[in-house]
Amino acid sequence: MLQAGSHAIVVDPGDAEPVFEALERGQLQLAAILVTHHHADHTGGVAALREATGATVFGPASETIPAPYTPLVQGEHAEALGLRFEVFDIPGHTAGHIAFFLPADTDGVQAPLLFCGDTLFSGGCGRLFEGTPAQMLASLDTLAMLPADTRVCCGHEYTLANLRFARAVEPDNTDLTQYMARCESLRAQDVPTLPSRLGTERLINPFLRTREATVLQAVRAHARLTPDAAETEVFAALRQWKNDFR
Ligand code: ZN
């Protein structure tokens, strides 16, 4: 939830109840609901929240959300509370997945801020339920170009499990080792590791690093790819490795 004065914006409310509680606690009015993709754990609370608050709902043009909403595609904007969110098409996890990006500080809201649903996680990326590896790689490339100080608000706190896999891919990455120690200490205190920073993700997240020699070599060896394997093949093999990783 994003707060500006006495109003709030919520992103991907899978459940309405905790949002109602937060609104009540902060004496806030809900102005807008941003939805990144159609999965129930991101949309389950949308209809009830919209009905009770009259909030404007923004979502992906090529997916269906369980409430009337303003459909958006790349290049369009979601505007609420004087904030202007840029929209990116980032298919892969789902076919019509979008991201919302707030480029600059506005009225006490600390930006840049990225809401990327289940596409980019700290240390990992979403599963490919509807899209292709090529689409997911292009989507992650789009997100990776955003400013280094962008705070990455992911759909789920999967950080530690992702980092265990990342370490298997890049055991000698010292940025990764340090980040993992920091995240383990946060989780031990029951503090979220999110939002992450995009600059950090570029250093530690193997799914943003498939062109780095260390990741390339590890994936080639693991999946027995030939040296001339295309980058999409490398990305697909990395994603498969993660799917099978225990
Ligand atoms: Zn999802």
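Above: the structure in question.
Residues numbered from 1 in each chain as written. Predicted model: local features only at pLDDT ≥ 70, side-chain atom pairs only at ≥ 80, totals over all residues. Heavy atoms only, no water.

Student: So what's going on with the layout of surface pockets? Residues and values would help.
Tutor: Here the largest pocket is characterised by a volume of approximately 490 Å³. Listed by contribution, the elements that provide at least two residues to the lining of the largest pocket are strand 2 (7-11), helix 1 (17-26), helix 2 (40-43), strand 9 (113-115) and strand 12 (151-153). At four residues, the largest contribution of residues to the lining of the largest pocket is made by helix 1. Considered class by class, the residues forming the lining of the largest pocket number 15 nonpolar, three polar and four charged. What the second largest pocket holds in volume is close to 340 Å³. (1 Å grid on protein atoms, 1.4 Å probe; cavity = no way out; pocket = protein on both sides within 12 Å on 5 of 7 lines; lining within 4 Å. Points joined across faces, edges and corners; volume = space filled by probe spheres on them. Helix = DSSP H or I, 4+ residues; strand = E, 2+ residues; numbered from the N terminus. Nonpolar A, V, L, I, M, F, W, Y, C, P; charged D, E, K, R; others polar.)

Student: So what's going on with the packing of helix 4 (residues 133-144) against helix 9 (residues 231-244)? Residues and values would help.
Tutor: At a minimum axis separation of 9 Å, helix 4 and helix 9 run at an interaxial angle of 95°. Our classification of the angle between helix 4 and helix 9 gives roughly perpendicular. Seen from helix 4, the contacting residues are Pro133, Ala134, Met136, Leu137 and Leu140; seen from helix 9, they are Glu231, Thr232, Phe235 and Ala236. When its residues are assigned to classes, the contact of helix 4 with helix 9 shows seven nonpolar, one polar and one charged. (Axes fitted to C-alpha atoms, helices over the stretch in contact; angles between N-to-C directions. Parallel < 35°, antiparallel > 145°, perpendicular 65-115°, else oblique. Contact = heavy atoms within 4.5 Å.)

Student: Talk me through the coordination of the zinc ion; I want residue IDs and the actual numbers.
Tutor: Donor atoms from the polypeptide that bind the zinc ion are His37 (NE2), His39 (ND1), His93 (NE2) and Asp118 (OD), placed at 2.2 to 2.3 Å. Around the zinc ion, the four donor atoms are arranged such that angles at the metal cover 90 to 167°; this shape is classified as irregular. Taken in sequence order, the residues that donate to the zinc ion follow the motif H-x1-H-x53-H-x24-D. With His39 in the loop between strand 3 (29-34) and helix 2 and His93 in the loop between strand 7 (83-89) and strand 8 (98-102), the pair connects residues that are 54 residues apart, well separated along the chain. (Donors = N, O, S within 2.8 Å, 3.2 Å for Na, K, Ca; no water. Tetrahedral: all angles 85-135°; square planar, octahedral: opposite > 155°, others 65-115°.)

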